[in-house]
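# Reading the structure
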Protein chains: 2
Amino acid sequence: MVSTDIFVDRRSFDDETRSVEERSEAVAKNLPAVVAAALRAEGWRAHLGDVAPERIRDRARLATLKVLRKSELPSLQKARPPFGGFKLEAPGQFARLFSSPGPIFEGEAEGADPWRTARALNAAGFRRGDIVLNTFSYHLTPGGFILDAGARALGCAVIPAGPGNTQAQLELIAAYRPSAYTGTPDFLKILLDAAVAAGVDASCIVKAALSGAAFPPSLQAEFKGRGIAAFQTYATADLGLIAYESEARAGMVVDEDIILEVVRPGSGDPLPDGEVGEIVVTLLDERHPLIRLALGDLTAIMPGPSPCGRTHTRIKGWMGRADQTAKVKGMFVRPEQIAEIARLHPSLGRLRLVVTRANDQDAMTLFAETETPNDEGLADKVGASLAAVARIKGEVRLLASGELANDGKVIDDRR
Amino acid sequence: MVSTDIFVDRRSFDDETRSVEERSEAVAKNLPAVVAAALRAEGWRAHLGDVAPERIRDRARLATLKVLRKSELPSLQKARPPFGGFKLEAPGQFARLFSSPGPIFEGEAEGADPWRTARALNAAGFRRGDIVLNTFSYHLTPGGFILDAGARALGCAVIPAGPGNTQAQLELIAAYRPSAYTGTPDFLKILLDAAVAAGVDASCIVKAALSGAAFPPSLQAEFKGRGIAAFQTYATADLGLIAYESEARAGMVVDEDIILEVVRPGSGDPLPDGEVGEIVVTLLDERHPLIRLALGDLTAIMPGPSPCGRTHTRIKGWMGRADQTAKVKGMFVRPEQIAEIARLHPSLGRLRLVVTRANDQDAMTLFAETETPNDEGLADKVGASLAAVARIKGEVRLLASGELANDGKVIDDRR
């Protein structure tokens, strides 16, 4: 018999303001155990190879481990169903079981708030007794449960409305007067407009945790104008909460159970803070370890702590997709190959392969930042590496440092 | 902070085989407290009137309290939103909030298995580690959660599949190999047929708890032939589990937290065991009291204990709807009015008003069972009562006891 508190004590959010040193000490203590736990699962063992967990005590050591790309999961899971050997528990030991597009199969852990979204909802001002209209779907994919569990853990009452059926949702709004909304920004706009059209007073909704889609400034202004304090939550079906917006509205703060790295797309190499690259996450959970999962999303790490006092890594939020594979002259060119060229030539800065169409033929040009942009010998060597790695010839143009935009774009298909 | 076990100890089902006397003693102890709790809610106070809770210690005393018709709830809730004053807690204190067609607004209580379906699923053979494909909807109405919570409380892993999207469900069946199904009988048939058509092996499903629709003998035979032990569960959004089928397959056993009465449709008067009538339920829960709710469903109480050893009241299962209102000569005639005639003439047995069309006019005939079918004086008096109560004249025909079918039909509209 497992006993769990269904409510989260708000003091458990105190770790958000601990010093960077305290957090590093906690990581030094927990991370080796998490890696050791992962190695008890055959999928992780096969993926990580020969690793000494006791040595993986900080971000630098973590960065020596192989990245697992989310795009590889469907085939890995197909080879070892259902979870690719990446789980310590059998499917029947999970609380709930889901599939996400891919398909990727994912389990919900036992216990209160298994997706750890209470922290994000707390930062968004959700409190015990709030009534939350949750418009994410509860069916097949875990979106609805991810936010539901966090709200329940805080002591909120949840209306599991799901997406769509606007008329029924207006009826529920009129009857229960919810104070909070969870769902996509777009659907909140649809609901509010439908309420106005139907003459239903939806002014009870004064806070929102938004996820699953971009939140453009136009919608931010509109919700603010309607009296709604709306905050972004970055979560995925793979591991739940990753980062969340706080009242400072200065980027998103990474969840305390997550180590977040930003790497050169296609590689496992961490980029300097501020550089746009691919998000790689590690979940500090011995029962459900997850080591360096590359999500295919782009972001950049922001310097320093948040003005709200939270001290964990801050990111700029979602900045696009890192999956930039292009087909050139019939061959796939992948970000992994551009990252390989960067490894072969450590003096290069940002790299960008631009694919165009000239004389009815595919053409590609590799732009490369360097301190010595007039070094023709270097250009020739990089050109040879490009031909060897991509098996297609392309032009190379050297640029001075800082000439390429900081947008995470590694392959720019302009055809 | 509320602490709850999320798993049900199977010993908590031991109360199913206690003696009838033990159960009566428990009722004598709990029922007065439940009635007293109800009277703390203004809706119940207004509905029940002046009641001395300490005297309501058994079924006979319970039967003196006024029945609350489910069909009245929408207007009562509209007058005192959202719950009509029938709840002790504010909406924000519930775990989740729903609406059912009507609309009727209902809250889910805090804690493990708030709808008490673990008992039914246990009787249907569901066990810890089972993987349950739950195809009831989790959106707006509580169906999905009602079965989900029971399965989770037993330690099963639940796939929240929801209704529809057959192709995605087959993918989940192939990946997770669920051992159990919850949903309607019809959708199980659709899924199994789709699996055959798609070449997906669904033979992993060997048990099922079915609800929400009739389970005809043809489907019972088909599922048995496919190796599935399927059991019926009778639950509603108002109060969760009401009765469940056990391995004896001899009617349905009433849930231990429910007092179930079968009354003359339109009245609150209990019928003798075996007579078909309307189901009236009382929920023995001090935090969520529910006194004599008439559900509008027909059933009959079966004599004696179930062969499986369970000793609580058994019912025949769902036998149709008790809502038999008809419009005759522009006036509504309701089962309540027929029940009123029965009260005015206690010597009558079953009553049935048959509505027909003769000479382009509505016509009605009241058939009434009596020990004295040749008593013309009685027929005249009953005819006068019919005209007074229904405000429409009709013919009266007296019949000997047992001549009317035992099917709960009080108004038979044959037009």
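Located above this text is the structure these notes cover.
So, a few notes on the structure that sits alongside this text. Quick caveat, the model's predicted, so the values are computed rather than measured.

### Some details on the pairing of strand β4 (residues 104-108) of chain A
Residue and element names in this part refer to chain A. Counting buried residues along β4, 5 of its 5 residues qualify, which places the element largely inside the surrounding structure. Where burial is concerned, the two faces of β4 agree: the one with Ile104, Glu106 and Glu108 and the one with Phe105 and Gly107 are both buried. Bridge count for strand β3 (residues 96-100) against β4 is 5 bridges, and the pairing is antiparallel. Each bridged residue has a counterpart across the sheet, and for Arg96 the counterpart in β4 is Glu108.

### Describing the pairing of strand β21 (residues 395-400) of chain B
All names here are of chain B. When strand β20 (residues 361-370) meets β21, the two strands line up parallel, connected through 6 bridges. Paired with Glu369 across the strands is Leu399, a residue of β21. Read from β20 through helix α11 (residues 376-390) to β21, the crossover connection turns out right-handed.

### A closer look at the interface of chain B and chain A
Taken residue by residue, the interface counts 47 residues in chain B and 48 residues in chain A. In total, chain B and chain A occlude about 4000 Å² of area from one another, counting both sides; carbon and sulfur atoms represent 61% of this. It is His139, Leu140 and Tyr176 of chain B in chain B that bury the most area against chain A; as a group they hold 17% of the surface buried on that side. Our count for the contact surface shared by chain B and chain A stands at 4 salt bridges. Residue Asp148 of chain B pairs with Arg96 of chain A through a salt bridge whose shortest N-O separation is 2.7 Å. Where chain B touches chain A, the interface holds 16 residue pairs in polar contact (both at pLDDT 80 or more). Breaking the side of chain B that touches chain A down by element, the ones donating at least two residues are β1 (3-5), β3 (96-100), β4 (104-108), α6 (143-154), β6 (157-160) and α7 (166-176) of chain B. It is α7 of chain B that provides the largest number of residues to the side of chain B that touches chain A, a total of 5 residues. The class makeup of the residues in the side of chain B that touches chain A is 29 nonpolar, 10 polar and 8 charged.

### Here's the deal with the packing of aromatic side chains
All told, the structure shown has 19 aromatic pairs over all chains when counted by the stated rule. Centroid distance Tyr176 of chain A to Phe105 of chain B: 5.5 Å. Interplanar angle 85°. Geometry classified as edge-to-face. Taken together, the residues span two chains, with Tyr176 of chain A in helix α7 (residues 166-176) and Phe105 of chain B in strand β4. One aromatic cluster in this structure is built from Phe98, Trp115, Tyr138 and Phe145 of chain A together with Phe98, Trp115, Tyr138 and Phe145 of chain B. One residue, Lys87 of chain A, lies across the ring of Phe83 of chain A, its end atom 5.5 Å from the ring centre.

Rules and cut-offs
Residues numbered from 1 in each chain as written. Chains lettered and ligands numbered in written order. Predicted model: local features only at pLDDT ≥ 70, side-chain atom pairs only at ≥ 80, totals over all residues. Heavy atoms only, no water. Buried < 20%, exposed > 50% of the residue type's maximum accessible area, 1.4 Å probe, protein only. Helix = DSSP H or I, 4+ residues; strand = E, 2+ residues; numbered from the N terminus. Pairing = 2+ DSSP bridges. Right-handed = clockwise from strand over helix to strand, strands pointing away. Contact = heavy atoms within 4.5 Å. Buried area = accessible area lost by both parts, 1.4 Å probe. Salt bridge = Lys/Arg side-chain N within 4 Å of Asp/Glu carboxyl O. Polar contact = N/O pair within 3.5 Å; in protein donor to acceptor, adjacent residues only side chain to side chain. Nonpolar A, V, L, I, M, F, W, Y, C, P; charged D, E, K, R; others polar. Phe/Tyr/Trp six-rings, centres within 6.5 Å; stacked < 30°, edge-to-face > 60°. Lys NZ or Arg CZ within 6 Å of the ring centre and 35° of its normal.

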